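# Understanding the architecture of this molecule
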Amino acid sequence: MARTRVQMPTEAKKGELVRIRAIAAHQMETGFRNNERGASIPRDIITAFRCTYNGVEVFRADLFPATAANPLIEFTTLATESGTLRFEWSGDNGFSAADSASITVV
Amino acid sequence: MRVLLLVLLGCLAADGAAQERKSGYEFMTPPLRAMQDDDFANPGMFAVQDGEALWKSEGCGACHAAATMKGVAARYPAVKDGRLLNLEQRINACRKAGPWPYESKELLAMTAFIANESRGMPITVSRDAKWLEEGKKLYSRREGQINLSCAQCHDERAGQKLGGSVIPQAHPTGYPIYRLEWQGMGSLQRRLRNCMSGLRAEPYAYGSEELVALEYYLMSRASGMKLETPAVRP
């Protein structure tokens, strides 16, 4: 069960810098640890995050085994026009999650 | 008069030795406090939400509304028929399908959900002399190859450092917690077992009378302090 959340304003002035935060519940298992019986625990991480604004990519990030569990990503974008922002996470073992949020630009 | 004065001075000295009580929160860096205070950034909130979903899917609401759980975590462990039960054991006693194992995702989530219902409420455990005595005894007894008692660190050296970590006063105000070192949630018993293995003592088993008595003593020692679940700790 993938769980992700996004936090951003629902309204902004044209040209304003909008602060966006996105977080995913994920253990980010590095692949470098062993279990109690000494067997290695396979890697299971989120590898990519992407944000599109009315279909245009405005932010992307690659994630690696050193990223902490439950990664939180904070970034900004310019409010250009009203519409929808889409947030996509993808990773090992077919992990995939998406949220969207709309913004009214006045 | 002189006797009274001496008695008074004695009381002052005893009080002066004990530091002002502070939650582990107050020993943390500002960024970590901010992480705990912000429900969006606090990863423990995922566990609280999982617990809420479990409350529904397990049918817990059939017998008591979730709202009746307000204040419950603040008075556990509790004594029932002479036996001491912590919150995890109380939850498991209600579960028809059998107990969830200690530190399972489910038990941590349900405990976090119920304890979060009491966030901001003062700790009000009972004062059962027998179990408090037992807990205090364990807290004051030297353990392990390192041969230290809990009190030697958490009463006598609180605020000082052990390696890179500040030694807190061991108030169990935020359990289950999201601990960065664990990269996940853990119960108070996990925390206590961690301190014991740090002493190179054999940790008491999960759910053992000893650990629950320690929990009870620690909660009683923190009476009146506010619950913070889900706390973040380094």
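Use the structure listed above.
First things first, this report covers the structure right here in the doc.

Calculation notes
Residue positions are given per chain, counting from 1 as you read along its sequence in written order. Starting at A for chains and at 1 for ligands, labels are handed out in the order in which the entities are written. Reporting of local features is limited, given that this is a predicted model, to residues whose pLDDT is at least 70; pairs of side-chain atoms are given and counted only at 80 or more, and all residues count toward the totals for whole chains, interfaces and linings. For side-chain calculations, the full set of non-hydrogen atoms in the structure is used, while hydrogens and water are omitted. Here, strands pair whenever DSSP counts at least two bridges between them. Numbering of helices and strands runs from the N terminus; a helix is a DSSP stretch of H or I covering at least four residues, while a strand is a stretch of E covering at least two. Residue exposure (1.4 Å probe, protein chains only): buried if accessible area is under 20% of the type maximum, exposed if over 50%, otherwise partly exposed. By definition in these notes, contact holds between two residues if any of their heavy atoms fall within 4.5 Å. Here a polar contact is recorded for every N or O atom pair within 3.5 Å, except that within protein the pair must consist of a potential hydrogen donor and a potential acceptor, and residues adjacent in sequence are included only if both atoms are side-chain atoms. The pairing test for Phe, Tyr and Trp rings, Trp by its six-membered ring, is centres within 6.5 Å, and the orientation test on the planes gives stacked under 30 degrees, edge-to-face over 60, and tilted for anything in between. The salt bridge criterion pairs a side-chain nitrogen of Lys or Arg with a carboxyl oxygen of Asp or Glu, the two atoms within 4 Å. Working convention: axes come from line fits to C-alpha atoms, limited for helices to the stretch in contact. Angles between N-to-C directions cover 0 to 180 degrees. Here the angle decides the label: under 35 degrees means roughly parallel, over 145 means roughly antiparallel, 65 to 115 means roughly perpendicular, and every other value means oblique. Each residue gets one of three labels, nonpolar for Ala, Val, Leu, Ile, Met, Phe, Trp, Tyr, Cys and Pro, charged for Asp, Glu, Lys and Arg, and polar for the others, Gly among them. Take the accessible area each of two parts loses on contact, using a 1.4 Å probe, and add the two losses: that sum is the buried area. As used in this record, nonpolar core signifies buried Ala, Val, Leu, Ile, Met, Phe, Trp, Tyr and Cys residues forming a set joined through side-chain atoms within 4.5 Å.

## Side note on the sheet that holds strand E7 (residues 232-233) of chain B
Residues and elements named next belong to chain B. Taken together, the 3 strands give an open sheet; going across it, the order is E6-E5-E7, and neighbouring strands pair in mixed fashion. Edge positions in the sheet fall to strand E6 (184-186) and E7, since each has one partner strand and no second. Here strand E5 (residues 177-179) pairs with E6 via 3 bridges, running antiparallel. If you follow Arg179 over to E6, its bridge partner there is Gly184.

## What to know about helix H4 (residues 87-94) of chain B
Residue and element names in this part refer to chain B. Listed in full, the buried residues belonging to H4 are Leu87, Glu88, Gln89, Ile91 and Asn92. Buried residues belonging to H4 abut strand E2 (83-85), helix H5 (105-116) and helix H9 (209-221). One side-chain oxygen at the N-terminal end of H4 lies 3.2 Å from the backbone nitrogen of Glu88; it belongs to Asn86.

## Concerning the packing of aromatic side chains
Residues and elements named next belong to chain B. Counting across every chain of the model gives 8 aromatic pairs over all chains. Here the aromatic rings of Tyr139 and Tyr217 are separated by 5.2 Å at their centres, their planes lie at 50°, and the arrangement is tilted. Pair noted here: Tyr139 is in helix H6 (residues 129-140) and Tyr217 is in helix H9, with a separation of 78 residues, a long-range link. For the pair shown, Tyr139 and Tyr217 are each scored as buried.

## Concerning the sheet that holds strand E2 (residues 11-12) of chain A
Residue and element names in this part refer to chain A. The 5 strands lie next to each other as E2-E8-E7-E4-E5, forming an open sheet whose pairing is mixed. Each edge of the sheet is formed by a strand with only one pairing partner; in this case those strands are E2 and strand E5 (56-62). Where strand E4 (residues 46-53) and strand E7 (residues 83-91) come together, 7 bridges link them in antiparallel fashion. Each residue of the ladder has a partner; that of Ile46, found in E7, is Gly91.

## Focus: the pattern of salt bridges
Pairing of side chains with opposite charge becomes possible as their charged atoms draw close. Enumeration according to the criterion identifies 19 salt bridges over all chains in this entry. Across the pair A:Glu29 and A:Arg33 runs a salt bridge, and its minimum N-O distance is 2.8 Å. Residue A:Glu29 is classed as buried on the basis of its relative accessible area of 9%. Among the ionic pairs, B:Lys137 bridges to B:Glu134, the shortest N-O distance being 3.4 Å. With B:Lys137 and B:Glu134 both in helix H6, this residue pair falls 3 residues apart, about one helical turn. Overlapping salt bridges bring together A:Arg50, A:Glu57, A:Arg60, A:Arg86 and A:Glu88 as one network.

## A word on the packing of helix H3 (residues 44-57) of chain B against H5(B)
All names here are of chain B. Between H3 and H5, the shortest axis-to-axis distance is 7 Å and the interhelical angle comes to 95°. Comparing the axis directions of H3 and H5 gives the class roughly perpendicular. Between H3 and H5, the contacting residues are Met45, Ala47, Val48, Asp50, Gly51, Glu52, Leu54 and Trp55 on the first element and Lys105, Glu106, Ala109, Met110, Ala112, Phe113, Ile114 and Asn116 on the second. Residues belonging to the contact of H3 with H5 are distributed by class as follows: 10 nonpolar, 2 polar and 4 charged.

## With respect to the interface of chain A and chain B
Across the boundary between the two partners, chain A contributes 14 residues, which contact 13 residues of chain B. Of the roughly 1100 Å² buried between chain A and chain B on both sides combined, carbon and sulfur atoms contribute 52%. Our count for the contact surface shared by chain A and chain B stands at 2 salt bridges. Put simply, A:Arg21 and B:Asp38 hold a salt bridge, and the shortest N to O gap is 2.6 Å. The interface formed by chain A and chain B includes 8 residue pairs in polar contact (both at pLDDT 80 or more). Residue assignment for the side of chain A that touches chain B shows that the elements contributing at least two residues are strand E1 (3-7) and strand E3 (17-25) of chain A. For the side of chain A that touches chain B, the leading source of residues is E3(A), giving 5 residues.

## Quick look at the nonpolar core
All names here are of chain B. Counting residues in hydrophobic clusters, the biggest one holds 56 residues, and the most contacted among them are Trp55, Leu87, Ile91, Met110, Ile114 and Leu214. Elements represented by at least two residues in this core include exactly H3, H4, H5, H6, E5, helix H8 (188-198) and H9. Setting aside residues up to four positions removed in sequence, Leu87 forms contacts with Val72, Ala73, Tyr76, Thr111 and Ile114.

Interpretation note: all reported values are geometric properties and have no functional meaning in isolation.
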